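Notes for the structure review
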Amino acid sequence: MLNPLGWAGLAQWSFLLAAFGAMLLAVWQVDRRRRGRPSTRSEIAALGATALWALLAAGVGQLYFVTQAAEVLRNLGWLAVVYALLARDGRHASVGPVRPVLVVLAMLEVFQLGLLVLNLRYTGQAVAQGMIFQMSVMFRLLLATGALVLVHNLYAGSIAAQRGAVRWICGALGVIWGYDLNYYTIAYLGSQIPNEMAAIRSLASLLSVVLLFVGALRGQSTLRFSPSRTIAFQSLSLLVIGGYMIAMVAAAQSLAWLGGNVGQLAQLGFAFATTIIVVALVPSRRLRGYLNVWLAKHFFQHRYDYRAEWLRFTRTVGRGGTGATPLHDRVVQAVADITDSSRGLLLVPGEHGELVLAARWQWPTLEVPAEAMAAASAAFFERRGFIVDCDEIRAGIDHAGEGALMPRWLIEEASVWALVPLLHFDRLVGLVVLGHPPLPRKLDWEDFDMLRVVGQQLASYLAEHTGQVALLEASRFDEFNRRIAFVMHDIKNLASQLALLSRNAERHADNPEFRKDMLVTLRNAADKLNALLARLSRYGAGNVERLEDVDATEVVRAIARRYDPLPDAPAGEGPRVIVTDAQPCTLLANRETLEQVLLHLVQNAVDASPPGMAVFLQTRGEGVWGYVEVIDTGCGMSADFVRNRLFKPFVSTKNGGFGIGAFEARELVTAMRGRLDVESREGLGSRFTVRLPLAATAGLMDSLSIPAGIGGKDNAKKVA
């Protein structure tokens, strides 16, 4: 019958709950394994051993032979789990140095069985049993110390993005062996096990089972073990534990002088305080980051382990295969991994020297304008190769005039930390924007040197990638030009034949009505063929025949009317194109060309939107420019797609598409001295903006020599 009061009752109930929880979790893991879910045999066995030990501790007591034998099984089971986690990704060679440690710890537990047998053999002999007790406790202290070192390196050696896979199980093992370290230290120094500490051990077991339950409910992911400076950190762990042992010895001697209940209360309070401190501080990311920086400053000549950093860098950038992330995303990740940044962006030069967004890495919420950075700012980075610390700019520190050149959206966003230019032979091929690391710190000379070298290496990768894309595009253009030359030649001959036929028919036909109809038909065919020839020949700037005053509001309303649903169409079906904001806006453009561009953009927006969703058209004038916007709430596009595929000819996501629609639209806008910009977010939609000169200010732009496509809102306001 259970004692409902006192330490014994607390221990019994807590051990029973821990046994029930461990057994329930083991059964659940077996069921998950049966259904093909991730679950290891070692973890199931460890949970079963833990349940058996807790059940025996509740029913028999912790000091009996069967209970201590079950404790040996429990420790061996969890050591097997630690090894399985270290070697989970198949790279057993990386955990080779860990095997001897595990073998030694396992042998210590095997020796425990021998000591238990000897303890039974020498029952009643106080001297022999005292020696056996001291040896047993010493072995348990060594086991707890070594196991905590392994758990520390298991967690600290995992890459930051995958620590969630082991966070909870490491916490549970830290509670088990961390309490055992206190428990057996006090037992060794006092030559006996205090009843209060033995009772509270049940609460530690129950807490560890709760942590294992939380970890199991949150799921597990594939773990990759990537230790860094392992020897040094293990040595530091052992040094800390050794210092702790010395402190415990000193505390025990002081308590022996105090004696009585005061000593017992002090023992209990000290154990409580140290356990709470360990549980509260060890999971702290800030504490681990602080220790990382402190160790780098005081234990190493350099902060970075350059060999490890270079191996990680080459693995990240060189990762290929079908499921690999795009190169631009890997470029950002390679820089962010070095500074422990949790997110970043990549900006690359646009057509007119400005910087535009090319990739996001773990930063989906940051709002980036279509023109992320002006051409003058890009020229500064290209000329100086300066790494910008945005925190210094916010603090008013300006080293080389960079403060005045930084766009407002970068400075106002407090999470932006640093800007790293990527230079290839004094040419800027990209700019990496880094977010703050979890532990804020200041960039120093070693960071700058490391980032500068890495930036140059990444720039060469990007330049090579751009060259390969350009060669592929050039080969496609060459093939297209060869084919279109034959097409244009045949069409030209056909147009000449039709023209000749029309002249002969006009001269020789006898029936006036037949002659009239034939002439109309033939002339229409000839006009269509010649129009097709003109359209195929006008790609590139300067090929729009005539620019005139065009009312943009009238054009967008006419386009919207084309998509009006039929009178007998069911409600909610078919595309909806709505003019939401039509401010007066008269552009200097070619009406037919502008309609062609907007029709293509609207149709693409309709195709990208779910059925029944609307596409919105807006017009406005601002400064010397007029703007026509096509907005949808469809699937959106990634930065990589916008940068590398949207405006590339012969690349299409549609079945049977030629992939020249967006390319043609941008070329036609450029030919009208304008510019086509796009802003898009995956899952939210896209905004295409056609920017053309206002008819009223076209003469002013010519007098000020503003090039086509250059200016934007800021320059427009300056001109106005």
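Above this text is the structure in question.
Structure report, in brief. (Residues numbered from 1 in each chain as written. Predicted model: local features only at pLDDT ≥ 70, side-chain atom pairs only at ≥ 80, totals over all residues. Heavy atoms only, no water.)

Notes on the overall build of the protein
Helices and strands together make up the secondary structure of the protein, namely 23 helices and twelve strands. Across the 720 residues that make up the protein, the buried fraction comes to 43%. Restricting the contact set of the protein to residue pairs at least 6 apart, pairs at least 24 apart contribute 71%. Per element, the accessible surface of the protein, about 37,000 Å² overall, is 60% carbon and sulfur. (Helix = DSSP H or I, 4+ residues; strand = E, 2+ residues; numbered from the N terminus. Buried < 20%, exposed > 50% of the residue type's maximum accessible area, 1.4 Å probe, protein only. Contact = heavy atoms within 4.5 Å. Areas by Shrake-Rupley, 256 points an atom, 1.4 Å probe, with all protein chains shown as cover.)

Some points on the packing of helix α3 (residues 65–86) against helix α6 (residues 167–190)
At a closest axis distance of 12 Å, the pairing of α3 and α6 adopts a crossing angle of 140°. The pairing of α3 with α6 is recorded here as oblique in orientation. Two packed elements cross with a definite hand, and for α3 against α6 that hand is left-handed. Judged by residue contacts, Glu71, Arg74, Asn75, Trp78, Leu79, Val81, Val82 and Leu85 of α3 engage Ile169, Leu173, Ile176, Trp177, Asp180 and Tyr184 from α6. Grouping the amino acids of the contact of α3 with α6 by side-chain chemistry returns ten nonpolar, one polar and three charged. (Axes fitted to C-alpha atoms, helices over the stretch in contact; angles between N-to-C directions. Parallel < 35°, antiparallel > 145°, perpendicular 65-115°, else oblique. Left-handed = near helix turned anticlockwise from the far one by under 90°. Nonpolar A, V, L, I, M, F, W, Y, C, P; charged D, E, K, R; others polar.)

Quick look at the pattern of salt bridges
Per the counting criterion, the structure on display carries 22 salt bridges. Between Arg74 and Glu71 there is a salt bridge, with its nearest N and O atoms 4.0 Å apart. Of this pair, Arg74 and Glu71 both sit in helix α3, separated by three residues, roughly a single helical turn. Comparing Arg74 with Glu71 shows no difference in burial state: the two are buried. When salt bridges that share partners are traced, they join Glu71, Arg74, Glu109, Arg140, Asp180 and Arg201 into one network. (Salt bridge = Lys/Arg side-chain N within 4 Å of Asp/Glu carboxyl O.)

Notes on the packing of aromatic side chains
The full count for this structure, using the stated rule, is eight aromatic pairs. Ring geometry for Phe380 against Phe381: centres 5.5 Å apart, planes inclined by 70°, an arrangement best described as edge-to-face. The pair Phe380 / Phe381 is uniform in exposure class, with both members buried. An aromatic cluster is defined as three or more aromatic residues linked by ring pairs; in this entry it consists of Tyr179, Tyr183 and Tyr184. Above the plane of the ring of Trp53 lies Arg74, whose end atom (NZ or CZ) is 4.6 Å from the centre. A cation over an aromatic ring shows up here: Arg691 above the ring of Trp625, its NZ or CZ 4.9 Å from the ring centre. (Phe/Tyr/Trp six-rings, centres within 6.5 Å; stacked < 30°, edge-to-face > 60°. Lys NZ or Arg CZ within 6 Å of the ring centre and 35° of its normal.)

Describing the environment of Asp564
Summarising the element assignment, Asp564 is placed in the loop between α18 (552–562) and β7 (576–582). The sequence separation of Asp564 and Val577 amounts to 13 residues, and the corresponding C-alpha distance is 7.5 Å.

Things to note about the sheet that holds strand β3 (residues 388–389)
Strand order in the open sheet formed by five strands is β2-β1-β5-β4-β3, with antiparallel pairing between adjacent strands. Strand pairing shows two members of the sheet lacking a second neighbour, β2 (355–361) and β3, which therefore form its edges. Summarising the sheet, strand β4 (residues 416–424) and strand β5 (residues 427–435) pair through eight bridges and their orientation is antiparallel. What sits directly across from Leu422, in β5, is Gly430. Against the sheet, helix α12 (residues 327–339) contacts β1 (344–349), β2, β4 and β5, and its axis sits at roughly 70° relative to β2. Contacts between helix α13 (residues 375–384) and the sheet are confined to β2, β3, β4 and β5, with β5 contributing the most and set at about 105° to the helix. (Pairing = 2+ DSSP bridges.)

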